[in-house]
Structure formats: structure tokens, C-alpha cells
Amino acid sequence: MATTKQKSAAYDVLIVGGGMVGAALACALGNSSLKVAVLDRAPPTAPDTGYDQRVSAITLASQSFFENIGVWDGMVQRRVSPVREMQVWSEGGNGAIHFNAAEIGEPCLAWIIENRVIQTALIERLHQFTNVHYLCPVEIADITLADNGAIVTLKDGRTLSMKLLVGADGADSEVRRAAGIDTQSLNLHQKSIVATVTTEKPHEATARQRFLATGPLAFLPLADPQQVSIVWSADTARSIGLMNLDDATFNTELQAAFGEHLGNVQLRGLQGKLPVFRVLTEEITSAGD
């Protein structure tokens, strides 16, 4: 990986945001004829012995993409969990569905991988490319768009010009605002509680989801056979009430909501709470002024 500290620099492609999307794009452009830069506010937190609260379900198509850009092995060497089966049912038992990878001749339906495992593997891969500059930590002071590209000024005084500016900087994107791209946002009045939970029975590489009156509860298998990542989406009042419970009472509520499918369940570590919004962009590109 190349680095630069010069006062100004020119690039073919500059990617704002070194998360999973931005770093994956940069890896896909690695070893090309293009001069690429990735701007990131902070490096990813390295995976440690504890599980990340935030995980992603990776499809087999995404696995192939990660293999093609040379990062899949870096994830497998850390922690990944296959999803070989999926069970979904509704409160009251009025509806249920079951999927099995064996029925479609695949080794699994998907993979559950911690977000920081994915990002760490991607950033490691970036260091292997000579045509990619990873600028971190940096903050943007100004973005100016023009017909023939854009100019990004950093708070440390550096000026970067590029032919193509890519915004991979999240829901509150600086690049999107600078490009004048409007969004439609819908507050779903829900929050998702994310946490790692220990189960009495092994999860058997099965993802389980129950639809409750207040929102869905998902149990996603982790690499440890008796560890799962939960995503419990509920209306605002219910989620606030759950987050204010002590661990023992939360475990009781979780057990009642999920049932005895995995035996006794116990919260492991702290919960996190994420707001749930639907955001749609009016367009995905802008040619500048």
C-alpha cells in the first residue's frame, strides 16, 4: 500500500469512507491502472476475544466477491459462521417456514460475520496494493464538485483532486450532501437491540427468527456453537423498556420472547441499541455543477 503526506495529490478515484463498502471497492480496484485513495476517520477496531455486537449476513455471491478480491481467507482465519438452515415463525404459531442449504445443493445459505472482522480483512488487503493510498485518520473540511471531477480539502490542509468521488461514508454522507443528492427518509419508530447471547443448546449453524407483535427477534449463529448474535427490533417504547432492564430481567424477557428452542439463554456482555430508518436516495450519481 502506498501512503502520502504531500500537500496536494491527484487521483483517478477517491473513496470517502473505509468501512465495508468503501474498502471493498478499493480492493476491487487494487492492482489496476487507476490511482485510488481511501479516506477514513479512524482505523477499524481489531477483532479480539469478544464478539462484535454488529454482524452481517453474507450471501454466497458476496463470498465469491470477497474471494475474488483476496480477502475471504483473512475473514475465515478469524471468525465466520455458516448458516446451513433457517427457521422463521410468527408469534402464536400461525405461520412458519424452514430453509435448508442441502435442499439446494449448497454447503450453506449464508455466512454470519462480525462487521469488524470483515473490515479488518479488507484494510489488511489494501496494504498490499501499490496503487491504493489509505489516508487515515483524516477529516474533510470541504468538498467542491466540478464537471471534470472534484476537490476535497482535508482539515490538515491537504488538497486532493480526483476524477471520480465515491461516497461510502454512511447514512449521513458528506459526499451525498455536497453532491446535492436528496433523500427520502422514513422513521419506522423502531430500535434494534443487538447483543451476544450464550445458549444452553448448540445453535447447529441455524438462523432463527420470530416475528412478534412489537417487531422481529433474530438469533444468528456465531463461530462458537453456543454463541449467537441477537437482533431484537421493537417499537420505541418496548425497546427503551428492554434496554433499561438489568441483565437478569432482560434474560427473562428474551427467553419468553424466543422460547426454549436453544434451552436457557443468557446475555453476554453489553447490549447496543440502533435506530431503524428507511432512507432512499433520489439518485445515486451527480455530475457536479
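Everything quoted here is computed from the prediction, not taken from an experiment.

**Quick notes on the environment of Thr120**
- With respect to the helices and strands, the residue Thr120 is situated in helix 4 (residues 115-126).
- Measuring from C-alpha to C-alpha, the distance between Thr120 and Phe65 comes to 16 Å, with 55 residues separating the pair along the chain.
- Excluding residues that lie within four positions of it along the chain, Thr120 makes contacts with Pro44, Thr45, Ala46, Pro47 and Arg78.

**Considerations on the side chain of His133**
- Structurally, His133 is set in strand 8 (residues 132-135).
- The class for His133 is buried, based on a relative accessible area of 10%.

**Quick notes on the state of the cysteines**
- Enumeration according to the criterion identifies 0 disulfides in this entry.
- Cys27 provides the cysteine sulfur closest to Cys136, a residue in no disulfide bond, and the two sulfurs are 14 Å apart.

**Considerations on the nonpolar core**
- Of all hydrophobic cores here, the largest spans 30 residues; its most connected members are Ile15, Phe66, Met75, Ile113, Leu122 and Leu126.
- Contributions of two or more residues to this core are made by strand 1 (8-16), helix 1 (20-28), strand 2 (36-39), helix 3 (72-76), strand 7 (110-114), helix 4 and strand 8.
- Considering every element that reaches this core, the biggest residue donor is helix 4, with 6 residues.
- Setting aside chain neighbours within four positions, we find Phe66 in contact with Ile58, Val71, Trp72, Met75, Ile118 and Leu122.
- Val138, Ile140, Ile143 and Ile181 belong to the second-largest nonpolar core, a separate cluster that totals 20 residues.

**Some details on the pattern of salt bridges**
- Summed over all chains, the structure comprises 9 salt bridges.
- The partner of Arg41 in a salt bridge is Glu174, and the shortest N-O contact between them spans 3.4 Å. With Arg41 in the loop between strand 2 and strand 3 (55-59) and Glu174 in helix 5 (residues 174-178), this residue pair connects regions lying 133 residues apart in the sequence.
- Exposure remark for Arg41: the relative accessible area of 52% places this residue in the exposed category.
- A salt bridge links Glu114 to Arg79, with the nearest nitrogen and oxygen atoms 2.6 Å apart. Of this pair, Glu114 sits in strand 7 while Arg79 is found in the loop between helix 3 and strand 4 (81-83), placing the two residues 35 residues apart along the sequence. Arg79 matches Glu114 in its accessibility class, with the two residues each being buried.
- Here the salt bridges do not stand alone but share partners, grouping Arg41, Glu139, Lys155 and Glu174 into one network.

**Some words on the packing of aromatic side chains**
- Under the defined criterion, the tally for this structure stands at 5 aromatic pairs.
- Centroid distance Phe65 to Phe66: 5.9 Å. Interplanar angle 50°. Geometry classified as tilted.
- Assessed through its relative accessible area of 35%, Phe65 is described here as partly exposed.
- Classification of Phe66 as buried rests on a relative accessible area of 8%.
- Taken together, the ring pairs connect Trp89, Phe219 and Phe258 into an aromatic cluster.
- Above the face of the Tyr11 ring, Lys35 is positioned so that its terminal group lies 5.1 Å from the ring centre.

The rules behind each value
- Residues numbered from 1 in each chain as written.
- Predicted model: local features only at pLDDT ≥ 70, side-chain atom pairs only at ≥ 80, totals over all residues.
- Heavy atoms only, no water.
- Helix = DSSP H or I, 4+ residues; strand = E, 2+ residues; numbered from the N terminus.
- Contact = heavy atoms within 4.5 Å.
- Buried < 20%, exposed > 50% of the residue type's maximum accessible area, 1.4 Å probe, protein only.
- Disulfide = S-S within 2.5 Å.
- Core = buried A, V, L, I, M, F, W, Y, C linked by side-chain atoms within 4.5 Å.
- Salt bridge = Lys/Arg side-chain N within 4 Å of Asp/Glu carboxyl O.
- Phe/Tyr/Trp six-rings, centres within 6.5 Å; stacked < 30°, edge-to-face > 60°.
- Lys NZ or Arg CZ within 6 Å of the ring centre and 35° of its normal.

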